[in-house]
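Analysis of the macromolecular model
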Amino acid sequence: MTVTREKLIDLLNEDLAREYQAIIAYVIYSQAIKGAVYMNIAKELEVHAGEELQHAITIAKQIDYLGGMPTNVPKEVKISDQAEAMLRFDLENETDTIRNYRERVRQCEALGEYAMAEHIREILMQEQEHQIDLATALGEDVPNMSSTVAQSAG
Ligand SMILES: [Fe+2]
Ligand SMILES: [Fe+2]
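Once a new chain begins, its residue numbering starts again from 1 and follows that chain's sequence as written. Here chains are named by letter from A upward and ligands by number from 1 upward, in the order in which they appear as written. Per-residue local features are limited, in this predicted model, to residues with pLDDT of at least 70; the limit for side-chain atom pairs, both in listing and counting, is 80 or more; totals at the level of whole chains, interfaces and linings are taken over all residues. To get the side-chain values, all heavy atoms of the structure are used, and hydrogens and water are removed first.

Considerations on the coordination of the iron ion (ligand 2)
Heads up, the rule is: The donor set comprises N, O and S atoms within 2.8 Å of the metal, extended to 3.2 Å for Na, K and Ca; water molecules are omitted, so apparent gaps in a site may simply reflect that omission. Secondary structure elements are taken from DSSP: a helix is a run of H or I of four residues or more, a strand is a run of E of two residues or more, and numbering for both begins at the N terminus. Think of it in three bands: with a 1.4 Å probe and only protein chains considered, a residue is buried below 20% of the maximum accessible area for its type, exposed above 50%, and partly exposed in between.
Protein-derived ligands of the iron ion (ligand 2) are Glu52 (OE), Glu94 (OE), Glu94 (OE), Glu127 (OE) and His130 (ND1), with the metal-ligand distances lying across 2.0 to 2.4 Å. The distance between the iron ion (ligand 2) and the iron ion (ligand 1) comes to 3.9 Å, and Glu52 binds to both of them. Placement of both Glu127 and His130 in helix α4 (residues 114-137) is noted, with a separation of 3 residues, approximately one turn of the helix. Residue His130 is classed as buried on the basis of its relative accessible area of 1%.

With respect to the nonpolar core
Filter applied, for reference: What makes a nonpolar core is a set of buried Ala, Val, Leu, Ile, Met, Phe, Trp, Tyr and Cys residues whose side-chain atoms join them at distances within 4.5 Å. By definition in these notes, contact holds between two residues if any of their heavy atoms fall within 4.5 Å.
In terms of nonpolar packing, the biggest core is built from 22 residues, with Leu8, Leu12, Ile59, Met116 and Ile120 touching the most fellow members. Counting only elements with at least two residues in this core, the list comes to α1 (5-32), α2 (39-65), α3 (83-110) and α4. Broken down by element, this core gets its largest block of residues, 6 residues, from α1. With near-sequence residues (within four places) excluded, Leu12 lies in contact with Ile59, Gln62, Ile63, Leu66, Arg104, Met116 and Ile120. Membership of the second largest hydrophobic core comes to 17 residues, among which are Tyr29, Tyr38, Leu45 and Ala49.

A word on the pattern of salt bridges
Inclusion rule: Salt bridge criterion: a side-chain nitrogen from Lys or Arg within 4 Å of a carboxyl oxygen from Asp or Glu.
Tallied over the full model, the rule gives 9 salt bridges. Taking the shortest distance from any N to any O, the salt bridge between Arg88 and Glu84 comes out at 3.5 Å. Taken together, the residues Arg88 and Glu84, both in helix α3 and 4 residues apart, mark about one turn of the helix. When its relative accessible area of 28% is taken as the criterion, Arg88 is described as partly exposed. The class for Glu84 is partly exposed, based on a relative accessible area of 43%. Of the charged contacts, one joins Glu140 and Arg88 as a salt bridge, the two residues approaching to 2.6 Å between their closest N and O atoms. Of the two residues, Glu140 sits in the loop between α4 and α5 (149-152) while Arg88 sits in helix α3, which places them 52 residues apart along the sequence. For Glu140, a relative accessible area of 32% gives the class partly exposed. Three or more residues joined by partner-sharing salt bridges are found here, namely Asp15, Arg18, Asp96, Arg99 and Arg104.

Things to note about the side chain of Glu113
Note the cut-off: The term polar contact refers here to a pair of N or O atoms within 3.5 Å; inside protein, the definition further demands a hydrogen-donor-capable atom paired with an acceptor-capable atom, and it admits residues adjacent in sequence only when both atoms are side-chain atoms.
Here Glu113 is to be found in the loop between α3 and α4. Owing to a relative accessible area of 9%, Glu113 belongs among the buried residues under this scheme. At 2.8 Å, the side chain of Glu113 and the side chain of Arg5 are in polar contact. Setting aside anything within four residues of it in sequence, one finds Glu113 in contact with Arg5, Tyr65, Leu66 and Cys108.

Some details on the packing of α1 against α2
The cut-off we apply is this: Every axis in this analysis is a line fitted to C-alpha atoms, fitted for helices over the stretch in contact. Angles between the N-to-C directions lie between 0 and 180 degrees. By definition in this entry, angles of less than 35 degrees are roughly parallel, angles greater than 145 are roughly antiparallel, angles of 65 to 115 are roughly perpendicular, and the rest are oblique. Two helices that cross are described as forming a left-handed crossing if the nearer one is turned anticlockwise from the farther one by less than a right angle, and a right-handed crossing if clockwise. Residues are grouped as follows: Ala, Val, Leu, Ile, Met, Phe, Trp, Tyr, Cys and Pro are nonpolar; Asp, Glu, Lys and Arg are charged; all remaining types, including Gly, are polar.
The interhelical angle for the contact between α1 and α2, taken along N-to-C directions, is 160°, at an axis separation of 8 Å. When the axes of α1 and α2 are compared, the pair comes out roughly antiparallel. The handedness of the crossing between α1 and α2 comes out as left-handed. Here the residues of the contact of α1 with α2 sort into 18 nonpolar, 6 polar and 5 charged.

A short note on the packing of α1 against α4
At a minimum axis separation of 14 Å, α1 and α4 run at an interaxial angle of 35°. Seen along the crossing, α1 lies across α4 with a hand that is left-handed. From α1, Leu8, Leu12, Glu19 and Tyr26 reach across to α4, where they touch Met116, Ile120, Ile123, Glu127, His130 and Leu134. Partitioning the contact of α1 with α4 into residue classes produces 7 nonpolar, 1 polar and 2 charged.

Set out below in structure tokens:
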């Protein structure tokens, strides 16, 4: 589980690529999701877009601090003409993001980068809110992540 600083730069760049993906997805989905049932969540997705931009800046700062160069490539954004499919893409991405940030907190702490771990914890709290918003809009429970290493490690 312990990583080098070089490896941490690579992992943070993957996080940054996921944040870009989230920004793009929320910008598009917040406008493309139609229908009275989805009115509230569409507004909420606009708020998410702004939060994801702040996350991207925070992660880019950490990469720069470690001596790396922030990536310019987002992860792929899936498109659908179905509101439910778009919400599901977002929910899957948030769950993936949360899994990664939980691991990143531990990796930062293992390197003695406690302030960085704290920044990522703050992002993590917002990602968990995003996950809840999306699961609620889909009428589902939040995905059970208790089997992940992150939670079993406490
Ligand atoms: Fe984010
Ligand atoms: Fe998010």
